[in-house]
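# Descriptive analysis of the structure
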Amino acid sequence: MRIELQDVEYRYQVNTPFERLAIHDVNLVIEPGTYTALIGHTGSGKSTILQHLNGLLQPTKGKIQVGDRTIEAGKKEKQLRPIRKKVGIVFQFAEHQLFEETVEKDICFGPINFGVPEADAKLLARDALKQVGLGEEILGKSPFDLSGGQMRRVAIAGVLAMEPEVLVLDEPTAGLDPRGRKEIMDMFYQLHQERGISTVLVTHSMEDAARYADEIVIMHKGTVYQKGSPNEVFSQPEQLVELGLDVPDTVRFQLRLQKEMGVRFDKPCLNIEELAMEIKRVMKWGERS
Amino acid sequence: MMEKMIFGRYVPAESPLHRMDPRSKLLMVFFFVCIVFLANNTMTYVILGIFTLVLIILSKIPFRFLYNGLKPVFWLILFTLFLHVFFTKEGEVLYSIAGLDIYEGGVRQGLFISLRFTYLILITSLLTLTTTPISITDGMEQLLNPFKKLKMPVHELALMMSISLRFIPTIMEETDKIMKAQAARGVDFSSGPIKDRIKSIVPLLVPLFVSAFKRAEELAIAMEARGYRGGEGRTKYRRLRWQTVDSLLIVSLLAVTVLLVIFRT
């Protein structure tokens, strides 16, 4: 499903002394089957954009096309359920949304809300639980008896069980240990690859953005500052540093090599293997000359 | 979704009302709540209205903001108005529809009660809108100090109050977040049959309670870790200062009281 944002603006608390412009002039297309990473500082409007993708927030200006549905500023939208079924959001600290007595019931909650019969929902729950790497033995447990990491996984399973076409992830691994972090990010990537789910990832981690995304969108002060493939975006690392954003460790390493040893690289390296090859190539060339 | 609420909310601004001592404002509210009941005719309600209006102007809070914030309460006010209009049987019959007589006394009574309601809400909102929760509790603690002799746990009460006030915005924010998370999972909070909407409270309340309890525990541990041991011998960083404007506020309120006593029937 394609999502397109056209000149979207959103103001919080219009007509109060707290009125605040969160995003403005946002133009963005999320093509079906792509993996997009949204990066930017806290307060740059990432989370606000994300909540527009399934109609949780409606723009104060501009319009959003979600599949065949258009959400326009100023119109009162009803019946957003079909959109919300297709666009699943995993919020930051998703475990806060758990509430049912058992893990199974909690995972089934979404599907049942969207009209899936209970028996089918239970099957979906099992499948989703397997996806997030948990065993079926916890289905009958209370979600509040689980560890923090397990709770997060159950909450994610609750969104996966809705079988969304677009998966929106708001820092899904915040506060997890490095291993759990990698496992969950890999799992999302696998879903994206195998089932062709379009994925939108909001993250602070440049490593994750570089590793998984096809397109990186950089937000700055409420609007899109730059967008492009990881190669394009990280080929001008100085610009990112100027914005106060991080660059992947490998790119930072390249920058230092360039500065301290005077070597030149043709392209940014986004993972360690690539960097090693590139250094090998560049250094040899250096010897010959 | 909860952003329109103004109760318990502080709006930072530079205004005479913001600068006043919380004690004078608290006393004013307490006093006002009492003297509202003195008013019983048009003149006295007008006097109270002028007093309220002057305070609103002094607070520099935009009218529109107050109006928006009070919208949810209008239904309650309207309800009391109708109750009085239909059920008070005093004075002449003004109008009768379908066997239901509307009396002049009822309309008057209804209007007065609704006005009284509005004044009370406005004045109490003004207090919280112009005073930070911290100063309110500081003021409260100071005002209640004499009761310490009667073994009243003044400090503890003030602490409880400041904690609850402090967490109102946090919990509102959290409510908003959880509502959104559940809405993304297909809960419809704003439309659909009443039965479904009441049911939709559960996925909201359970996480809210869970996190509130967790937060309370964390707060208790954090306080203990920083050596909190109750109010005994505790000094204050912010000192309250009673200024001329504060005396002026109390004097003007006394003047209003005198006027009310003169003009009431």
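Think of each chain on its own: its residues are numbered from 1, step by step along the sequence as written. Chain letters start at A and ligand numbers start at 1, both assigned in the order the entries are written. Totals for whole chains, interfaces and linings use every residue, but because this is a predicted model, local features are given only for residues with pLDDT of at least 70 and side-chain atom pairs only at 80 or more, for both listing and counting.

## Considering the sheet that holds strand E7 (residues 166–170) of chain A
Residues and elements named next belong to chain A. Spatially, six strands are ordered E6-E7-E8-E3-E9-E10 in an open sheet, and the strand pairing comes out mixed. A strand with exactly one partner marks an edge of an open sheet, and here the two such strands are strand E6 (87–90) and strand E10 (223–228). Each adjacent strand pair in this sheet contributes to an overall mean axis angle of 20°, direction not counted. With four bridges joining them, E6 and E7 adopt parallel strand pairing. Paired with Ile89 across the two strands is Val168, which belongs to E7. Strand pairing is defined by DSSP finding a minimum of two bridges between the two strands. Where helices and strands are cited, they refer to DSSP runs of H or I of at least four residues and of E of at least two residues respectively, numbered from the N terminus. All axes are obtained by fitting lines to C-alpha atoms, using only the stretch in contact for helices, and the reported angles, taken between N-to-C directions, cover 0 to 180 degrees.

## Here's the deal with unusual backbone geometry
Residues and elements named next belong to chain A. Notably, Asp25 is not glycine yet its phi reads approximately 45°, a positive angle. Along the chain, the position of Asp25 falls in strand E2 (residues 20–30). A positive phi angle, close to 40°, is found at Glu171, a residue other than glycine. On the neighbour-count criterion, Glu171 (19 C-beta atoms within 10 Å) is partly exposed. Counting other C-beta atoms within 10 Å of a residue's C-beta gives its exposure: the residue is buried at 20 or more, exposed at 12 or fewer, and partly exposed in between, where C-beta atoms are placed from the backbone.

## A closer look at the environment of Pro237 of chain A
All names here are of chain A. Of note, Pro237 is situated in helix H9 (residues 237–242). Residue class for Pro237 comes out buried when judged on the 20 C-beta atoms lying within 10 Å of it. Between the alpha carbons of Pro237 and Leu255 there is a distance of 8.1 Å; along the sequence they are 18 residues apart. Contact definition: two residues whose C-beta atoms, as placed from backbone geometry, lie within 7 Å. Discounting chain neighbours no more than four positions away, the residues touching Pro237 are Val247, Val251, Leu255 and Pro268.

## Some thoughts on the packing of helix H3 (residues 42–59) of chain B against helix H10 (residues 244–263) of chain B
Residue and element names in this part refer to chain B. Running from amino to carboxyl end, H3 crosses H10 at an angle of 165°, the nearest separation of the two axes being 9 Å. By the criterion of interaxial angle, the relationship of H3 to H10 is roughly antiparallel. Remark: the crossing between H3 and H10 carries right-handed chirality. When H3 is examined against H10, the residues Met43, Thr44, Ile47 and Phe51 are found in contact with a partner set consisting of Val256, Leu259, Leu260 and Phe263. Residues belonging to the contact of H3 with H10 are distributed by class as follows: seven nonpolar, one polar and no charged. Just so you know how the angles are binned, under 35 degrees is roughly parallel, over 145 roughly antiparallel, 65 to 115 roughly perpendicular, and the rest oblique. Throughout, a crossing is termed right-handed when the near helix is turned clockwise from the far one, and left-handed when it is turned anticlockwise from it by less than a right angle. For this classification, Asp, Glu, Lys and Arg are treated as charged, while Ala, Val, Leu, Ile, Met, Phe, Trp, Tyr, Cys and Pro are nonpolar and the rest, including Gly, are polar.

## A closer look at the UniProt feature "domain: ABC transporter" (unreviewed entry) in chain A
UniProt positions are given in the numbering used here, feature names are shortened, and annotations may be inferred rather than shown by experiment. Mapped onto this numbering, the UniProt entry gives "domain: ABC transporter" (unreviewed entry) at residues 3–246 of chain A. Taken end to end, residues 3–246 of chain A is 36% helix and 26% strand, and its two terminal C-alpha atoms sit 28 Å from one another.

## A closer look at the nonpolar core
Think of a nonpolar core as buried Ala, Val, Leu, Ile, Met, Phe, Trp, Tyr and Cys residues chained together by C-beta atoms that fall within 7 Å. Among the nonpolar cores identified, the biggest contains 85 residues, and Leu38, Ile107, Ala128, Ala157, Ala161, Val168 and Val200 of chain A are the most heavily contacted of them. The element best represented in this core is helix H5 (residues 148–160) of chain A, accounting for seven residues. In this structure, Leu17, Met28, Ile61 and Leu126 of chain B belong to the second largest nonpolar core, which totals 18 residues.

## Quick look at the interface of chain B and chain A
Each side of the interface is counted separately: chain B has 23 residues, and chain A has 26 residues. Put simply, the parts of the chain that give the side of chain B that touches chain A at least two residues each are helix H4 (63–87), helix H7 (154–184) and helix H9 (202–225) of chain B. Its residues assigned to classes, the side of chain B that touches chain A shows 13 nonpolar, five polar and five charged.

## Brief notes about helix H6 (residues 133–144) of chain B
Residue and element names in this part refer to chain B. Every helix has an expected span of 1.5 Å times one less than the residues it contains. Here H6 contains twelve residues, and its C-alpha end-to-end distance of 16 Å stays within 8% of the 16 Å for a straight helix at 1.5 Å per residue. By the burial criterion, the buried members of H6 are Pro133, Ser135, Ile136, Thr137, Asp138, Gly139 and Glu141. In this fold, the buried residues of H6 make contact with helix H2 (22–35) and H7.

## Describing the pairing of strand E1 (residues 3–12) of chain A
All names here are of chain A. Two strands pair when backbone bridges link them, and E1 and E2 are joined in this way by seven bridges, in the antiparallel orientation. Each bridged residue has a counterpart across the sheet, and for Tyr12 the counterpart in E2 is Arg20. As paired strands, E1 and strand E4 (residues 61–66) are joined by five bridges and run antiparallel to one another. Bridge assignment links Glu9 to a residue of E4, and that residue is Lys61.

## Some remarks on the confidence of the model for chain B
Low pLDDT marks regions whose predicted coordinates should not be analysed in detail. Looking at chain B as a whole, its pLDDT mean stands at 87, while 97% of the residues score no less than 70. Here the predicted complex scores 0.76 on pTM and 0.88 on ipTM. Confidence scores per residue from the predictor, reported as pLDDT, run from 0 to 100.

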